[in-house]
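A look at the structure
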Amino acid sequence: MSIQAALEHRRAIRQYDETRPLDSECVKHCLELATLAPTSSNMQLWEAYHVTDPTLLRHLGRAGFGQTALTSAPELVVFVVRPDYARRRAKANLAAQREAIRKAYPEEKWEKYTKRQETYYGKLVPFLYARCFGLVGLLRKALVQLVGLFTPVPRQVSEADYDVVLHKSCALVAQTFMLAMSEQGYDTCPLEGFDSWRVKRALHLPYAAQVSMIVSCGVRRADVPLGERSRIPFEEQYHRLG
Ligand SMILES: Cc1cc2nc3c(=O)[nH]c(=O)nc-3n(C[C@H](O)[C@H](O)[C@H](O)COP(=O)(O)O)c2cc1C
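Rules used in this analysis
Residues numbered from 1 in each chain as written. Predicted model: local features only at pLDDT ≥ 70, side-chain atom pairs only at ≥ 80, totals over all residues. Heavy atoms only, no water. Helix = DSSP H or I, 4+ residues; strand = E, 2+ residues; numbered from the N terminus. Buried < 20%, exposed > 50% of the residue type's maximum accessible area, 1.4 Å probe, protein only. Pairing = 2+ DSSP bridges. Near = heavy atom within 4 Å. Polar contact = N/O pair within 3.5 Å; in protein donor to acceptor, adjacent residues only side chain to side chain. Areas by Shrake-Rupley, 256 points an atom, 1.4 Å probe, with all protein chains shown as cover. Core = buried A, V, L, I, M, F, W, Y, C linked by side-chain atoms within 4.5 Å. Domains from an automatic or database assignment. Contact = heavy atoms within 4.5 Å. Phe/Tyr/Trp six-rings, centres within 6.5 Å; stacked < 30°, edge-to-face > 60°. Lys NZ or Arg CZ within 6 Å of the ring centre and 35° of its normal. Axes fitted to C-alpha atoms, helices over the stretch in contact; angles between N-to-C directions. Arc of directions from axis to C-beta.

**Quick look at the overall build of the protein chain**
Assigned secondary structure in the protein chain consists of 9 helices and 4 strands. Going from N to C terminus, the protein chain has its helices and strands arranged as α-α-β-α-α-β-α-α-α-α-β-α-β. Counting only C-alpha atoms and orienting by the principal axes, one finds that the protein chain spans roughly 65 × 40 × 40 Å. Counting over 242 residues, the protein chain shows a buried share of 40%.

Pasting the structure below:
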């Protein structure tokens, strides 16, 4: 299937055919493909919980207000973001960059290029991703605004801004997963209509974890009409400059 065909096949499916099981290994493979999605600073601060257990599926269906997109699905994938992994991911990225530099460049360039990565993953990223509440958060914001008087800086540095950063990347991962599923002829529905506290409790997730999206998975019912895709005119969204 071409990318275009996979995009056209993908619809938000709310009624799955309960007589058509999924190949769980195929779902897992699609999740592996989803790791190819880009993430901000390559921080990969997401996790996927692939749920096949019937009891857990029932709990999640209830947490999702009983939506049929959840309750009729044979399997669910819960995408979660992990701000609490930022330090360890920054360290892992720095180690990977050090190795990549040694492989890609002659020895005389190593120090210069490694220093750059050390500044980025060793100082800037931990500074930006650190959870800073209250006064410390305000100080970080003030510092950025001050430096920003003299040079371009990343302006969105509050806790809430960094939640956006994480969920943005996670959404790209979820979309990559849904397209991979589509390419396999499987169906999905992305959902944010759920009680995140109940979802976290069902999955035994720690306080710091945030549920980004649930993607239900299955095979669409052939006898339930989907209806036309509804999209606003492209001209309202497309702005060509230059
Ligand atoms: C972030 C996000 C959250 C969504 N949440 C829900 C949801 O809770 N329940 C639902 O039935 N559909 C949900 N949808 C599906 C959208 O309603 C659907 O994608 C949209 O109507 C377009 O239809 P299409 O995907 O078939 O093109 C969600 C989609 C996105 C991207």
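**Here we look at the pairing of strand β4 (residues 210–218)**
The buried count for β4 comes to 9 of 9 residues, which makes it a mostly enclosed element. Where strand β2 (residues 75–81) lies against β4, 7 bridges are found, and the strand directions are antiparallel. When the bridges of β4 are listed, V81 appears paired with Q210. Of the strand pairs in this sheet, strand β3 (residues 187–191) and β4 are connected by 5 bridges, and their pairing is antiparallel. Each bridged residue has a counterpart across the sheet, and for D187 the counterpart in β4 is G218.

**Quick look at the site of the ligand**
Every residue lining the ligand is accounted for by R10, R11, A12, R14, Q67, C189, P190, L191, E192, G193, R229 and R231. Q67 has a polar side-chain atom sitting 2.8 Å from a nitrogen atom of the ligand. R229 places a side-chain nitrogen or oxygen 2.9 Å from an oxygen atom of the ligand. In the complex, 67% of the free accessible area of the ligand, which totals 630 Å², lies under the protein chains.

**Structural notes on the nonpolar core**
Formed by 39 residues in total, the largest nonpolar core has its most connected members in M43, F79, Y129 and F177. Elements with a minimum of two residues in this core: α2 (24–34), β2, α5 (86–104), α6 (107–129), α8 (159–183) and β4. Among the elements that make up this core, the one with the highest residue count is α8 (10 residues). Each of domain 1 (3–83 + 171–222) and domain 2 (86–160) contributes no fewer than three residues to this core. Filtering out sequence-adjacent residues up to four positions away, M43 remains in contact with A86, R89, A90, N93, Y121, V125 and Y129. I13, L205, V211 and I214 belong to the second-largest nonpolar core, a separate cluster that totals 22 residues.

**Brief notes about the packing of aromatic side chains**
Tallied over the entire structure, the rule returns 6 aromatic pairs. Seen in terms of ring centroids, Y120 and Y121 are 5.0 Å apart; in terms of plane orientation they differ by 80 degrees. Their pairing is edge-to-face. Residue placement shows R88 over the ring face of Y85; its charged tip is 4.0 Å from the ring centre. Lying over the aromatic face of Y207, K200 brings its terminal NZ or CZ to 5.5 Å of the ring centre.

**Regarding the sheet that holds strand β1 (residues 46–51)**
Reading across from one edge, β1-β2-β4-β3 is the order of the 4 strands in this open sheet, with antiparallel pairing throughout. If you trace the sheet from one side to the other, it starts and ends with β1 and β3, each paired once. Neighbour to neighbour, the strand axes of the sheet diverge by 20 degrees on average, direction disregarded.

**Thoughts on α2**
Among the residues making up α2, those that are buried are C26, V27, C30, L31 and A34. Buried residues along α2 cover an arc of 150 degrees about the axis, so they all sit on one side. Exposed side of α2, more than 90 degrees from the buried face: E25 and E32 are the residues found there. On its buried face, α2 sits against β1, β2 and α8. Put simply, D23 is the residue that caps the front of α2, since its side-chain oxygen is 3.0 Å from the backbone nitrogen of E25.

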